[in-house]
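As a plain string of letters, each chain reads:
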Amino acid sequence: MGIPVKDVMQASSEMLQKQLYAITTTPTAGIEPILANLEEHLAFQVALEREGVLYAAGPMWSEDEQTWEGDGLVVVRAGSRAEAVAIAERDPMHKRGARTFTVRPWMINEGTMTVRLDKSSQTFSIL
């Protein structure tokens, strides 16, 4: 039996409680359909990023960290799970059947992120 969301929210009330949605995406028929749709998929991701919808995205390596079998993770900002599903359905990978997906609500409570900007070289790094 799970713990009600309201109880988790109460227990973490002093934390960030940033609600996002994690989309796990899995190949349906091997890597070839993934590669055939990759360019349009990446353009879609960049468009989501520009719109402020995309929080993070990228490929998921095999467990031995040696290969990529076409799996990915996309985290989006959305007002609801239904809205996140609608975003995932627009992805060319999913529209063409190259991948299938699941959407899970994900609340960020802990963690840190540092961005370093070097003005002289106009470079940045994420630490």
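Summary of the structure given here.

In this section: the overall build of the protein chain. A tally of helices and strands in the protein chain yields four helices and six strands. From first element to last, N terminus to C terminus, the protein chain shows the α and β order α-β-α-β-β-α-α-β-β-β. The principal-axis extent of the C-alpha atoms belonging to the protein chain is close to 55 × 45 × 35 Å. Burial status across the protein chain gives 28% buried among its 127 residues. The contacts in the protein chain between residues at least 6 apart in sequence include a share of 67% that link residues at least 24 apart. For the protein chain, the accessible surface area stands at approximately 9,000 Å², while carbon and sulfur atoms represent 55% of it.

Under the definition given, this model contains three salt bridges. Among the ionic pairs, Glu40 bridges to Arg96, the shortest N-O distance being 3.0 Å. A residue pair is termed long-range when its members are at least 10 positions apart, and Glu40 in helix α2 (residues 31–51) and Arg96 in the loop between α4 (92–95) and β4 (99–108) qualify at 56 residues. Among the residues examined, Arg96 registers a relative accessible area of 47% and is labelled partly exposed. Arg116 serves as the salt-bridge partner of Asp118, at 2.8 Å between the closest nitrogen and oxygen.

With that settled, consider α2. Here α2 contains 21 residues, and its C-alpha end-to-end distance of 29 Å stays within 8% of the 30 Å for a straight helix at 1.5 Å per residue. Bending of α2 peaks at approximately 55 degrees at the position of Leu38. Considered for burial, the residues of α2 that qualify are Ile34, Asn37, His41, Phe44, Gln45 and Leu48. Following α2 by one or two positions, Gly52 has its phi on the positive side, about 85 degrees.

Let us now look at a nonpolar patch on the surface. The grouping of Met113, Val115, Leu117, Phe124 and Ile126 at the surface amounts to a nonpolar patch, some 580 Å² of accessible area in total. Only β5 (115–118) and β6 (123–126) provide two or more residues apiece to the nonpolar patch. Tracing the backbone through its elements, the reader meets Leu117 in strand β5. When its relative accessible area of 54% is taken as the criterion, Leu117 is described as exposed.

Attention now goes to the environment of Gln66. With respect to the helices, strands and loops of the structure, Gln66 is situated in the loop between β2 (54–61) and β3 (68–76). Each C-alpha atom, one on Gln66 and one on Glu39, is 23 Å from the other, the two residues being 27 residues apart in sequence.

The next point concerns the layout of surface pockets. Any space left empty among the atoms is revealed by the rolling of a water-sized probe across them. As a volume, the largest pocket reaches approximately 200 Å³. Along its surface, the largest pocket is lined by 16 residues, and His41, Leu42, Gln45, Gly58 and Pro59 are the ones closest to its centre. Counting residues per element, the ones that place at least two in the lining of the largest pocket are α2, β2 and β3. With six residues, the single largest contributor to the lining of the largest pocket is α2. Its residues placed into classes, the lining of the largest pocket shows nine nonpolar, five polar and two charged.

Parameters at a glance
- Residues numbered from 1 in each chain as written.
- Predicted model: local features only at pLDDT ≥ 70, side-chain atom pairs only at ≥ 80, totals over all residues.
- Heavy atoms only, no water.
- Helix = DSSP H or I, 4+ residues; strand = E, 2+ residues; numbered from the N terminus.
- Buried < 20%, exposed > 50% of the residue type's maximum accessible area, 1.4 Å probe, protein only.
- Contact = heavy atoms within 4.5 Å.
- Areas by Shrake-Rupley, 256 points an atom, 1.4 Å probe, with all protein chains shown as cover.
- Salt bridge = Lys/Arg side-chain N within 4 Å of Asp/Glu carboxyl O.
- Expected span 1.5 Å × (residues − 1).
- Bend = angle between axes of the 7 residues up to and from the residue.
- Patch = residues over 30% accessible without salt bridge, like charges linked within 9 Å, V, L, I, M, F, W, Y side chains within 5 Å.
- 1 Å grid on protein atoms, 1.4 Å probe; cavity = no way out; pocket = protein on both sides within 12 Å on 5 of 7 lines; lining within 4 Å.
- Points joined across faces, edges and corners; volume = space filled by probe spheres on them.
- Nonpolar A, V, L, I, M, F, W, Y, C, P; charged D, E, K, R; others polar.

Shape is all these values report; function is a separate question.
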